[in-house]
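Spelled out from the first residue to the last, the chains are:
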Amino acid sequence: MSVVARNVRPMSTTTTRRPPRPVFRCADCQATTPRWVGRCPQCQAWGTVAQAGPVGLLAQGTTATAPATAAVPIDEVAAHGAQARPTGVDELDRVLGGGLVPGAVVLLAGEPGVGKSTLLLDVAARSARAGRTVLYVTGEESTAQVRSRAGRIRALDPSLLLAAESDLAAVLGHIDACAPGLLVVDSVQTVASSQVDGAPGGVAQVREVASALIAVAKTRGMPVVLVGHVTKDGSVAGPRTLEHLVDVVCQFEGERTSRLRLLRATKNRYGPTDEVGCFEISEHGIVGLADPSGLFCSQVLTDVPGTCLTVALEGRRPLLTEVQALVAPTGAANPRRTTSGVDAARVAMVLAVLSRRVGVGLADQEVYVSTVGGARVGEPAADLAVALAVVSSRLDQPLPRGLVVVGEVGLAAEIRTVSGVDRRLAEAARLGMTRAIVPATVADSLAVPDSMHVRPARDLPEAVSLIHPEP
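Residues numbered from 1 in each chain as written. Predicted model: local features only at pLDDT ≥ 70, side-chain atom pairs only at ≥ 80, totals over all residues. Heavy atoms only, no water.

**What to know about unusual backbone geometry**
What counts is decided by this rule: Secondary structure follows DSSP: runs of H or I at least 4 residues long count as helices, runs of E at least 2 residues long count as strands, and numbering of each begins at the N terminus. To sort residues, take the accessible area from a 1.4 Å probe on protein chains only and compare it with the maximum for the residue type: under 20% means buried, over 50% means exposed, and anything in between is partly exposed.
A cis geometry characterises the amide bond from aspartate 186 onward to serine 187, with omega recorded as 5°. Relative to the assigned elements, serine 187 resides in the loop between β7 (182-186) and α5 (203-220). The phi torsion at arginine 154 lies on the positive side, around 60°, for a residue other than glycine. Among the secondary structure elements, arginine 154 is positioned in the loop between α3 (143-152) and β6 (160-164). Exposure remark for arginine 154: the relative accessible area of 59% places this residue in the exposed category.

**Re the sheet that holds strand β11 (residues 276-282)**
Selection rule: Note on pairing: DSSP must find at least two bridges between two strands before they are called paired. Fitted lines through C-alpha atoms serve as axes, helices being fitted only where they are in contact, and the angles separating the N-to-C directions of these axes extend from 0 to 180 degrees. Residues count as neighbours in contact if any of their non-hydrogen atoms are within 4.5 Å of one another.
Here we have 9 strands laid out as an open sheet, ordered β6-β5-β7-β8-β4-β9-β10-β11-β12, and mixed in their pairing. Among the strands making up the open sheet, the edge pair consists of β6 and β12 (285-288). Taking the axes of each pair of neighbouring strands and ignoring which way they run, one obtains an average angle of 25° across the sheet. Bridge count between strand β5 (residues 134-138) and β7: 5 bridges; the pairing is parallel. Directly across from leucine 135, in β7, lies its bridge partner leucine 183. Packed on one face of the sheet, helix α2 (residues 116-129) meets β4 (105-110), β5, β6, β7, β8 (224-228), β9 (248-253), β11 and β12 and runs near 160° to β5. Its contacts with the sheet put α3 on β5 and β6, and the angle it makes with β6 is roughly 145°.

**Some remarks on the side chain of glutamate 408**
Tracing the chain through its elements places glutamate 408 in strand β18 (residues 408-409). When near neighbours in sequence (up to four residues on either side) are disregarded, glutamate 408 contacts Arg346, Pro380, Asp383, Glu414, Ile415, Arg416, Thr417 and Val418.

**Things to note about the pattern of salt bridges**
Heads up, the rule is: Salt bridge, as used here: a side-chain nitrogen of Lys or Arg that lies within 4 Å of a carboxyl oxygen of Asp or Glu.
Tallied over the full model, the rule gives 22 salt bridges. Two residues, arginine 264 and glutamate 314, come together in a salt bridge whose shortest N-O distance is 2.8 Å. On the criterion of sequence distance, the pair formed by arginine 264 in strand β10 (residues 260-268) and glutamate 314 in strand β13 (residues 307-314) is long-range, its members being 50 residues apart. Put simply, arginine 416 and glutamate 414 hold a salt bridge, and the shortest N to O gap is 2.9 Å. For glutamate 414, a relative accessible area of 23% gives the class partly exposed. One salt-bridge network, in which partners are shared between bridges, spans Glu91, Arg94, Asp274, Glu275, Arg316 and Arg317.

In C-alpha cells, the structure reads:
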C-alpha cells in the first residue's frame, strides 16, 4: 500500500507587525480616546482633543543619557537667583509676593477693558526707569495706539522698547536683539508659530508659543508677563496646560461701572495666593490703593435707616464695607427681592430667618439690598450686616453711629463664627469704629482694640435687641 504525500504549505515563521494605533488626548484634562471626537467625553470641552501619537511610541526605544549637570544637595543650591525684584507698583508686588522673580513667567488674565494693558504698560515704564531694558510686544494694537496710551498715563521712557508682532519667530528675534530685562507679551493668544498648524489662539498654537517663551525666560533668567484672554465664564482661554506651565496666574477683576479693580493670584510658586491688590482706574491710568476702605462707605453725615457696616476679608486684607437695605411696602402678590454686590441666595435665606425666627414681617414688603462703591461681598460674614440693615429699614430706625457687625447667620438664627475676627476689628478700630457686635463663640478669645466696645450675640434676636430694645 503506497502512501501519497500531500502537498502541505509550510507555516510562515514571520508575522506581520501592525503599526501602533494613534491615540487622541484632551489638552485640558489629558483624557485619551481611541479616535478623534469634537467634544471631550471626560471634561465636556469642545475642540480640545488632538492626536498625541501612536500608543506606546514614547515608551519604546528610550535610553538613558548622561545628565548635563549633576544633582546637588538642596541645601547647597544658591537661593539668590529666586529673589523677587520690586516692580514699583506696591499693590502688584503685594500679590506677586514681593515682585518679579528672574526667569518667572506670569499670566495675567481678565475681562476685556478691565485695564490689563494699562497696568502692564505702567509696570513696564517703571521697570525701564529703574535701569532695565523692557520689551513690550503687542499683537492686538499698533505701536501708535500703544504710544498714545503711554503718553496719556505718562509711561514714556527710552529704555521701554515697543514692537507690534504676531509671529513667534519675530518675537524671539527681538529678544535676541534687545536682550531685555523684562518681556511683556500682549497677548499670548495673538502670537502664532509657523511651525504649528492652526489659527492663533488655538490649543496647539497657545501651547507652542507659551512653551517657547517659557524656555527663553528660564534660559536667560528674564521675567516674562503674558496677557491672557478669558472665556465668557471668566476662566483663562486656551488649554488648561497653559496655567500649569506658567509660574504665576493672576486674575484682574472689576465692574465696568466701578472705579475699583482687584488683582488676585490663583497660582503663585513664589508667594501667597490669598493676597489681593486694589487699584483705582481713571483717565490718567491705574493707581494702587493702599487703603481702599473709603470707596466702600458712603459720605452721608446724617444717620440713615437701613445702613450697616461690616468688614469683609479679600484674601488677607480687611475692607470696611457698607451694606444698604431698603424695605418698601407693595401690593404685588410676589414682592420684589433685588440685590447688588451681595449673594442673592444668602440674602433670601436671611430674609426667611428674619421672618420666621425674629418676627419681622416682610411678606408684603419689597426688599432691596446693595453695597456701596461697587464692592462685592460673597462671604457669609456679611449675613449679620444684611439682617440688621433690613431690620433698621423695616423699623425706620438708624443703627448707632460707629457700629460694625461681623457674623454668619444660620437657619436656626444662630450667629456663627467667621475667620479673621481680630483683623476685622483692628481695621474697623483704625477707621474710627467704636462699637462692634460679634459671635458669642469668639468673644472671649478676641484681642479687642482699646477704643472699641464689643458686644457678643448668640443669635439673631439677641443681636436685634442690642440695637433696638423694642423691635
